[in-house]
Amino acid sequence: MPADPDDLIREREHLAESRRQLHRMRERTASLDASAAADWVSREVLESSIARRMKELADDPAVPMFFGRLDYTHGEHGGESFHVGRRHVTGPDGDALVVDWRAPVSRPFYRASSAEPMGVGRRRRYGFNAGLLTALEDEHLDRGEGTAHSDILESEIERPRVGPMRDIVATIQPEQDDIVRADLASSLCVQGAPGTGKTAVGLHRAAFLLYAHRERLARQGVLVVGPNDSFLRYIADVLPALGEVEATQATITELVTAALPEGRRVRGSDDAAVAVLKGDARMAEVLRRAVWSGVGTPSEALVVPRGSRRWRVPAYEQEEVLAGLRTRGVRYGAAGAMLAQSLAHRVLLRMEAGGESPDDRVQDAVARSAPVKKLVKQLWPAVVPERTLHALLSDAETLAAVSDGVLSAGEQALVLWAQPPRGPGTARWSEADVVLLDELRDLIERTPSVGHLVADEAQDLSPMMLRALARRSSTGSVTVLGDLAQATTPWGARSWHEALTHLGKPDAVVQQLTRGYRVPAQVIEYAARLLPHIAPDLEPPVSVRRSRGELELDRVPDVVAALPAALTRVVAREGSVGVITPDALVTTLDRALTGSEHRLLGGSDDGSARVELVPASLAKGLEFDHVLLVEPAGVVAGEPDLVTGLRRLYVCLTRAVTSLTILHTDDVPAQLGAP
């Protein structure tokens, strides 16, 4: 029910006071003096903490300080009121003017109902325009007067999408809130149809966990992995807007190339069949064998002079030591370091049997002795990932020796380079290659793990890519986000159980989000015609928006010639515009739009252009108020097979928030049926 209009003035005063107190909190932080620290290490830590806190307290006048209010009538907080916002704001006396949306006291804002008010008498929502509080809307839950529809909530969902992705703290729905507030120990997989908010939910879960487990995650880290740089730029502002600056965001390629020699980067490419094979989980066994195949075979006794005596460790005992190291499950590098100590221990056993009383210092000295160091070098040669992979991909005999029973002869021939480079320093490593290099590095030395990892568009990751993420979350939990209907890589997952197994989280709970809050009904229903052909086991998405949106199919003699006029009609509407095109037409359409205020996605423009020209291959994860999709048949034809092409088309069709215009000369794919 509508709120008392007189409350508007008081709420605006509370908003103004909240901003003043946030400014006071920031000034107080800025006044802290790190020079008083006891030493330079403490000073650097303090300076870093102050800088981080300053970022967390940054204020954007265009972003509301709070979006809701809870008036409790019963329970622990009976008689208290709380304004719910993006961060906690207190007055000089310590009283909360705004409580963080992640705090337990805020949860009823998302979960309370007239049937289960959770102690709340009244829930209030606020409407804003450019940071100015313009409207109020109340639900008296204690009277059973909860509203089935909220104009403010609908207005926020329907608000035009301009610029990067924004947070959804004001509109989180109960099924989304369950995922956002899941415990840190829980690994989740969110199968989300287009427009269900799966990406936003994953980012908000990261923000919630950073709030609820601040000390642990500040130490262990949170990692967000996205499909490409354009996607990461699109989501980059969400966590900072929520006051979280601790999370690291990267693509899978950035993660696995980080350890390459300076200046090295992905320069090569693979055919689809080769990339699929290199991404196959069986390659992990091939690489493991390659690393450990270099371990030598003892041929003579180890002789260690010590004073006037000589101590011998026969070859069979050396073999026992090597066998023990192979079965301990430690990394190759760590096992090599243990070999010297293990051999020295065998020497000490003989010294004790000979009547001497050596201690740990003697064992360390023996481990560092010339005979032991020489033998360790012979039995346990150093392994360099780039050299190892170069040898495997260059030499058929080397590959065959470690692939027997794992790869067929035909697969071995497929994975070999047609023209091997002279050495690893001249190799043009592909994306699949650097993932293999990452596996090799981990076989030698353990990859550090973060406390929580969010993997978006995970359906497009190969098993070897998933293994790369698994080792970065081996001691933490994960939030996996994706949609099997949008799997557009030939090496991508075909089931979440398979993907989660490769990720090392086979017991992760899979939750489906099918209620769409972004894509209008008319558009999602049209795109869902493809589901029987691309993902027959998935539930079709359902749009919960009252606005059905606009869908127009415009057949023209020449899409290139017709594009400028079609774009002019679309640009006349409010909001962002995306022109999505088959990759093969990008250059042609970019020239056709010369003179218009548009930007090619991934170009050098500063991002201020309202119209973006988007290659179909980069459309995933993005959203625009209005989408002008050019030649859908070309989108399908640009992929290696029909199913992948239809999945790519499904992605492109579901980027629209308000309207979708399909501009085509060729017939639209038959799987879409009649208009």
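The present account deals with the structure reproduced in this document. (Residues numbered from 1 in each chain as written. Predicted model: local features only at pLDDT ≥ 70, side-chain atom pairs only at ≥ 80, totals over all residues. Heavy atoms only, no water.)

### So, the overall build of the chain
Next, step 1: Secondary structure assignment for the chain yields 28 helices and 22 strands.
Next, step 2: Taken over 675 residues, the chain has a buried fraction of 52%.
Next, step 3: Contacts in the chain between residues at least 24 apart in sequence constitute 74% of all its contacts with a sequence separation of at least 6.
Next, step 4: Surface exposure of the chain reaches about 30,000 Å², of which carbon and sulfur atoms provide 51%.
Next, step 5: Separation between the mean location of the 79 positive side-chain charges and that of the 93 negative ones in the chain comes to 6 Å. (Helix = DSSP H or I, 4+ residues; strand = E, 2+ residues; numbered from the N terminus. Buried < 20%, exposed > 50% of the residue type's maximum accessible area, 1.4 Å probe, protein only. Contact = heavy atoms within 4.5 Å. Areas by Shrake-Rupley, 256 points an atom, 1.4 Å probe, with all protein chains shown as cover. Lys, Arg positive; Asp, Glu negative; His and termini not counted. Charge placed at Lys NZ, Arg CZ, Asp CG, Glu CD.)

### Some words on the packing of helix 12 (residues 282-292) against helix 20 (residues 431-444)
Next, step 1: It is the contact of helix 12 with helix 20, at a shortest axis distance of 10 Å, that shows an interaxial angle of 50 degrees. Comparing the axis directions of helix 12 and helix 20 gives the class oblique. Taken as a pair, helix 12 and helix 20 cross one another with a handedness that is right-handed. Here Met-283, Ala-284, Leu-287, Arg-288 and Val-291 of helix 12 come into contact with helix 20, specifically with Leu-436, Glu-439, Leu-440 and Leu-443.
Next, step 2: Across the contact of helix 12 with helix 20, the residue classes tally to seven nonpolar, no polar and two charged. (Axes fitted to C-alpha atoms, helices over the stretch in contact; angles between N-to-C directions. Parallel < 35°, antiparallel > 145°, perpendicular 65-115°, else oblique. Left-handed = near helix turned anticlockwise from the far one by under 90°. Nonpolar A, V, L, I, M, F, W, Y, C, P; charged D, E, K, R; others polar.)

### Observations regarding the packing of helix 13 (residues 315-326) against helix 14 (residues 332-353)
Next, step 1: Axis separation between helix 13 and helix 14 bottoms out at 10 Å; the angle between their running directions is 140 degrees. For the element pair helix 13 / helix 14, the angle class is oblique. Note that helix 13 runs across helix 14; the crossing there is right-handed. For the pair helix 13 and helix 14, the contacting residues are Glu-317, Gln-318, Glu-320, Val-321, Leu-322 and Leu-325 in the first and Ala-335, Met-338, Leu-339, Ser-342, Leu-343, Arg-346 and Arg-350 in the second.
Next, step 2: Of the residues belonging to the contact of helix 13 with helix 14, the class tally is seven nonpolar, two polar and four charged.

### Thoughts on the pairing of strand 6 (residues 132-140)
Next, step 1: Looking at chain direction, strand 5 (residues 120-129) and strand 6 are connected through eight bridges and run antiparallel. Directly across from Arg-124, in strand 6, lies its bridge partner Asp-138.
Next, step 2: Two successive antiparallel strands, strand 5 and strand 6, enclose a turn made up of two residues, where Ala-130 displays a positive phi of approximately 55 degrees. (Pairing = 2+ DSSP bridges.)

### Topic: the sheet that holds strand 18 (residues 577-581)
Next, step 1: Reading across from one edge, 17-22-21-18-20-19 is the order of the six strands in this open sheet, with parallel pairing throughout. Each edge of the sheet is formed by a strand with only one pairing partner; in this case those strands are strand 17 (550-555) and strand 19 (598-600). Strand-to-strand twist across the sheet, computed as the mean angle between neighbouring axes with direction ignored, equals 20 degrees.
Next, step 2: When strand 17 meets strand 22 (residues 656-664), the two strands line up parallel, connected through six bridges. Each residue of the ladder has a partner; that of Arg-555, found in strand 22, is His-664.
Next, step 3: Along the sheet, helix 28 (residues 642-653) makes contact with strand 18, strand 21 (624-630) and strand 22, crossing strand 21 at roughly 140 degrees.

### Thoughts on unusual backbone geometry
In most cases, non-glycine residues show a negative phi, while peptide bonds are predominantly trans.
Next, step 1: Here Met-118, not a glycine, exhibits a phi torsion of approximately 60 degrees, which is positive.
Next, step 2: Here Met-118 shows up in the loop between helix 3 (108-111) and strand 5.
Next, step 3: Met-118 sits in the partly exposed class, given a relative accessible area of 33%.
Next, step 4: Here Glu-457, not a glycine, exhibits a phi torsion of approximately 55 degrees, which is positive.
Next, step 5: Relative to the helices and strands, Glu-457 is located in the loop between strand 12 (452-455) and helix 21 (463-471).

### Observations regarding a nonpolar patch on the surface
Next, step 1: Judged by side-chain polarity, Trp-40, Val-41 and Val-45 come together as a nonpolar surface patch covering roughly 310 Å² of accessible area.
Next, step 2: Note that Trp-40 resides in helix 2 (residues 40-56). (Patch = residues over 30% accessible without salt bridge, like charges linked within 9 Å, V, L, I, M, F, W, Y side chains within 5 Å. Salt bridge = Lys/Arg side-chain N within 4 Å of Asp/Glu carboxyl O.)

### A word on the sheet that holds strand 13 (residues 477-482)
Next, step 1: Read from one edge of the open sheet, six strands run 9-8-12-13-7-14, paired in parallel fashion. In this open sheet, the two strands that pair with only one neighbour each are strand 9 (248-251) and strand 14 (509-513). Each neighbouring strand pair of the sheet contributes to a mean axis angle of 15 degrees, computed without reference to strand direction.
Next, step 2: Pairing analysis gives four bridges linking strand 8 (residues 222-226) to strand 12, with the strands arranged parallel. If you follow Val-224 over to strand 12, its bridge partner there is Val-454.
Next, step 3: With respect to the sheet, helix 6 (residues 198-212) is in contact with strand 7 (188-192), strand 8, strand 12, strand 13 and strand 14, its orientation differing from that of strand 13 by roughly 165 degrees.

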